[in-house]
Amino acid sequence: MSCAHPMAPEAQHPLREEPWLPVPPRAMAVTLALLVLVAWPAATAGTVTRDSLLNTCMSAKHHKEKPGPEGQLYGQCVLWKDNACCTANTSQEAHEDQSYLYNFNWDHCGAMPQKCKRHFIQDTCLYECSPNLGPWIDQADNTWRKERIRDVPLCQEDCEQWWEDCQDAVTCKVNWHKGWNWTSGTNQCPQGAMCQKFKFVFPTAAALCEQIWSGSYRYTSHHRGSGRCIQMWFDPAQENPNVAVAQYYARGNAPPSPPLPVLLALLPPALLALL
């Protein structure tokens, strides 16, 4: 006969779960509210960081510290008069064949046709005046500026028209950012460089937009008005379309985080009443 004692019912099932006890409503409400309070700063921190890329001026040679109205902007730069990173003087110099801005000579291989030159003027206006390039601001390795733009997605029409109007203009270099002979105080073709038409130096619109300023722009298949590409040209009577484009890329196509009162409002009213 066995002398073993019979096991207690609890011991026969050592892995049996304890009976579930309901969480009091007040404790549940407190827990949910605390989760919201903890999650909200983390959710909003990313938005604050991304929003810092909006409505900003890069740290460069002629840019203002902060964008603002400039009612006297000149010529093609007038598109940015309501909110600009450039001054009136900068906008006027952007239209000069050889301005004090950078002592750059568009006519280094002979006179550049006016229909082509207007695109370079517009390019300068966009670079100097636009407060909507924040998502593409990068560090620069130049002594005359701390920041530059890189891979700004230009609308297809802007690149195509730029190439179309400049294909018979003449130049001696692919990358206009570097490699010039500056001994005269202005840019001249380096020794041995041959002047050729743009259509041979830049065989496509993409080559022109992406290579001429060492990757400042990126050719895209997006069209004007799509909200997915920066427009060099737009109707000054209409709102600046590049504001929405900068928001789209700065926020990664994510909606801004809702404020804390909105998040709390999502909690069941019955639970809030228990707090």
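Residues numbered from 1 in each chain as written. Predicted model: local features only at pLDDT ≥ 70, side-chain atom pairs only at ≥ 80, totals over all residues. Heavy atoms only, no water.

Undergrad: Lay out the overall build of the chain with the relevant residues and their values.
TA: Of regular secondary structure, the chain possesses nine helices and six strands. Classification of the 275 residues of the chain by burial places 39% in the buried group. Pairs at least 24 apart in sequence give 66% of the contacts found in the chain among residues at least 6 apart. Just so you have it, the chain exposes about 15,600 Å², and 57% of that area is on carbon and sulfur atoms. (Helix = DSSP H or I, 4+ residues; strand = E, 2+ residues; numbered from the N terminus. Buried < 20%, exposed > 50% of the residue type's maximum accessible area, 1.4 Å probe, protein only. Contact = heavy atoms within 4.5 Å. Areas by Shrake-Rupley, 256 points an atom, 1.4 Å probe, with all protein chains shown as cover.)

Undergrad: Pulling in residues and values, what's your account of the state of the cysteines?
TA: With the rule as written, the count across this model stands at eight disulfides. In this model Cys57 forms its disulfide with Cys85; the gap between the sulfur atoms is 2.1 Å. Of note, the bridge from Cys57 to Cys85 carries an S-S torsion of about -90° and is left-handed in sense. Here the residue Cys57 occupies a position in the loop between α1 (25–51) and α2 (88–93), and Cys85 occupies one in the loop between α1 and α2, the gap between them amounting to 28 residues. Both residues of the pair, Cys57 and Cys85, count as buried. (Disulfide = S-S within 2.5 Å.)

Undergrad: I'd love a proper account of helix α4 (residues 156–166), names of residues and values included.
TA: Among the residues of α4, Asp158, Cys159, Trp162, Trp163, Asp165 and Cys166 are the ones counted as buried. Along its buried surface, α4 packs onto α3 (114–129), β3 (152–154), α5 (198–201), α6 (205–211) and β6 (217–219).

Undergrad: Break down unusual backbone geometry for me, with residues and values.
TA: Phi at Asn55 takes a positive value of approximately 50°, unusual for a residue other than glycine. Following the sequence through the fold, Asn55 ends up in the loop between α1 and α2. Notably, Asn103 is not glycine yet its phi reads approximately 55°, a positive angle. With respect to the helices, strands and loops of the structure, Asn103 is situated in the loop between α2 and α3.

Undergrad: Let's hear about the packing of aromatic side chains: which residues, and what values?
TA: By the definition in use, this model includes 17 aromatic pairs. Note on Phe120 and Trp162: the rings are 5.3 Å apart at their centroids and 80° apart in plane angle, and the pair reads as edge-to-face. Residue Phe120 is located in helix α3, and its partner Trp162 is located in helix α4; the two are separated by 42 residues in the primary sequence. Judged by its relative accessible area of 0%, Phe120 is buried. Three or more aromatic residues joined by ring pairs make a cluster, and in this case those are Phe104, Trp106, Phe120, Trp162, Trp176, Trp180, Phe198, Phe202, Trp213 and Tyr217. It is Lys173 that lies over the ring of Trp180; its NZ or CZ is 5.6 Å from the centre. Its end group placed over the ring of Tyr248, Arg228 keeps NZ or CZ at 3.7 Å from the ring centre. (Phe/Tyr/Trp six-rings, centres within 6.5 Å; stacked < 30°, edge-to-face > 60°. Lys NZ or Arg CZ within 6 Å of the ring centre and 35° of its normal.)

Undergrad: Just give me the short version of the nonpolar core, but keep the residues and values in it.
TA: Residues Trp80, Phe120, Leu154, Trp162, Trp176, Phe198 and Tyr217 are the most contacted members of the largest nonpolar core, which totals 49 residues. Every element with two or more residues in this core is listed here: α3, β3, α4, α5 and α6. If one sorts the elements of this core by residue count, α3 sits on top with seven residues. Apart from the residues within four sequence positions on either side, Tyr217 is in contact with Asp123, Leu126, Ile149, Asp151, Val152, Leu154, Trp162, Cys209 and Glu210. (Core = buried A, V, L, I, M, F, W, Y, C linked by side-chain atoms within 4.5 Å.)

Undergrad: Explain the environment of His223 residue by residue, including any values.
TA: With respect to the helices and strands, His223 occurs in the loop between β6 and α7 (242–250). You can call His223 partly exposed: its relative accessible area is 41%. Taking the C-alpha atoms as reference points, His223 and Leu154, separated by 69 residues in sequence, lie 8.8 Å from one another. Not counting chain neighbours up to four residues away, the residues in contact with His223 comprise Cys155, Gln156, Glu157 and Cys229. Side-chain polar atoms of His223 contact the side chain of Glu157, separated by 3.0 Å. (Polar contact = N/O pair within 3.5 Å; in protein donor to acceptor, adjacent residues only side chain to side chain.)

Undergrad: An account of the environment of Met58 is needed here, citing residue identities and associated values.
TA: For Met58, the location among the structural elements is in the loop between α1 and α2. In this structure, the C-alpha to C-alpha distance between Met58 and Trp136, residues 78 residues apart in sequence, is 9.9 Å.

Undergrad: So what's going on with the pattern of salt bridges? Which residues, and what values?
TA: If you walk through the whole model with that rule in mind, you get nine salt bridges. In this structure, Asp107 and Lys117 form a salt bridge, with 3.5 Å as the shortest nitrogen-oxygen distance. With Asp107 in the loop between α2 and α3 and Lys117 in helix α3, this residue pair connects regions lying ten residues apart in the sequence. Using a relative accessible area of 22% as the deciding quantity, one classes Asp107 as partly exposed. Across the pair Asp138 and Arg150 runs a salt bridge whose closest N-O atoms are separated by 2.9 Å. Taken together, the positions of Asp138 in strand β1 (residues 137–139) and Arg150 in the loop between β2 (147–149) and β3 put the pair twelve residues apart, joining distant regions of the chain. In this structure Asp138 comes out as partly exposed when scored by relative accessible area, which is 31%. Via salt bridges that share partners, Asp97, Asp107 and Lys117 belong to a single interconnected network. (Salt bridge = Lys/Arg side-chain N within 4 Å of Asp/Glu carboxyl O.)

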